[in-house]
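# Topology and contacts: notes
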Amino acid sequence: MHFLDIRCVSCSLLNHSRIHLLKMAAPVVAEGAAVLAFRSVMQRVRQAADRSGTLPESIRVVAVSKTKPVSMIRQLYDAGHRCFGENYVQEIVDKAPQLPQDIEWHFIGHLQSNKVKTLLGGVPNLAMFEGVDNQKVANNLDRMVSTLGRNPLKVLVQFSTATRLENFFAKSGIDPSNCVDLAKHVKSSCPNLVFSGLMTIGRPDYTSTPENFKTLSNCRTEVCKALEMPEEQCELSMGMSSDFELAIEMGSTNVRIGSTIFGPRDYSKKQE
């Protein structure tokens, strides 16, 4: 009976160890899958670029890593990718210092004025801000870049390309009828910002429609004519996990891909 008890205890410990090892291995499996998914995405980007007669290297892929751990981002970095995007200020400020400085971070979406200093001060390698949707944000970014002594920051002006009923994010984008005025303001009144193009965010389920893309493309034509700049110098950031191939075929130069690379997001922890 005594030996039986020891055996049972040993079995229990062994099973516990196996379960623990499996739990430890789970993130590694997920991260390996992310790298494979990323390679598949890049292949699809190349194919879409070929179909549209565009050079594949002219398409920037922003791997949107919100809610994902630093270790998973590092996996893609080690696989050769350098461009990552986040939607929450606190998350990007927490992650950026833990990762190599040659990462080109993009902040995507609306930014509250009281978060401008936190964002720019906490992420010195922020390469682009995708979400200037009013003059106040543009002015605050411009002043803070100057105050911190940073190099001029590339920005994209964000537009709503769907009705408010269709698009949850419409409140964070300027109406297309005002596209020229805001672009002019950034270009002429914000010397510490580099007007680099236009962007739009689709529906909450990260889908969009060709009409969205066509609207943004038309905005670019108007803006470039008003600013007297070549259209090829004005980026279009449109297209996400579910529609990036169509977006590329319709002229996008910057696609933001999250769940297709990293898997479903975990919103169990509230972000700010």
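How each quantity is defined
- Residues numbered from 1 in each chain as written.
- Predicted model: local features only at pLDDT ≥ 70, side-chain atom pairs only at ≥ 80, totals over all residues.
- Heavy atoms only, no water.
- UniProt positions renumbered as here; feature names shortened; annotations may be inferred.
- Buried < 20%, exposed > 50% of the residue type's maximum accessible area, 1.4 Å probe, protein only.
- Helix = DSSP H or I, 4+ residues; strand = E, 2+ residues; numbered from the N terminus.
- Pairing = 2+ DSSP bridges.
- Core = buried A, V, L, I, M, F, W, Y, C linked by side-chain atoms within 4.5 Å.
- Contact = heavy atoms within 4.5 Å.
- Salt bridge = Lys/Arg side-chain N within 4 Å of Asp/Glu carboxyl O.

Taking an unreviewed UniProt entry as the reference, the chain is identified by name as Pyridoxal phosphate homeostasis protein belonging to Arachis hypogaea. In its Cofactor (unreviewed entry) section, the UniProt entry covering the chain states "pyridoxal 5'-phosphate". According to its UniProt record, the chain has this under Function (unreviewed entry): "Pyridoxal 5'-phosphate (PLP)-binding protein, which may be involved in intracellular homeostatic regulation of pyridoxal 5'-phosphate (PLP), the active form of vitamin B6."

## Here we look at the pairing of strand β8 (residues 254-257)
Covered by surrounding structure in β8 are N254 and R256 together with V255 and I257, the residues of both alternating faces. Note: strand β1 (residues 60-64) against β8, four bridges, orientation parallel. Looking at the pairing, R60 lines up with N254 of β8.

## Things to note about the UniProt feature "modified residue: N6-(pyridoxal phosphate)lysine" (unreviewed entry) in the chain
Those residues carrying the UniProt feature "modified residue: N6-(pyridoxal phosphate)lysine" (unreviewed entry) are K66 in this numbering. Turning to its location among the elements, K66 is positioned in the loop between β1 and α2 (70-78).

## What to know about the nonpolar core
Among the nonpolar cores identified, the biggest contains 68 residues, and W105, F129, L141, F195 and L198 are the most heavily contacted of them. Take this core: its biggest share by element is seven residues, from helix α1 (residues 2-52). Look past the residues within four positions of L198 in its chain and what remains in contact with it is L156, V157, F159, L216, C219, R220, V223, C234, E235, L236 and S237. Counting residues in hydrophobic clusters, the runner-up holds nine residues, among them V64, I108, M128 and L156.

## Concerning the pattern of salt bridges
Proximity of charged atoms lets side chains of opposite charge pair with each other. With the rule as written, the count across this model stands at nine salt bridges. Residue R44 is joined to E245 by a salt bridge in which the shortest nitrogen-to-oxygen separation is 2.8 Å. Of this pair, R44 sits in helix α1 while E245 sits in helix α8 (residues 244-249); the two residues are 201 residues apart in sequence, bridging distant segments of the chain. Judged by relative accessible area, which is 27%, R44 ranks as partly exposed. Here E245 falls in the partly exposed class, since its relative accessible area comes to 21%. The network of salt bridges with common partners includes E86, E91 and K95.

## Some remarks on the side chain of K68
Positionally, K68 belongs in the loop between β1 and α2. When its relative accessible area of 10% is taken as the criterion, K68 is described as buried. Residue contacts for K68: discarding those within four places in its chain leaves E91, K95, F262, G263, P264 and R265.

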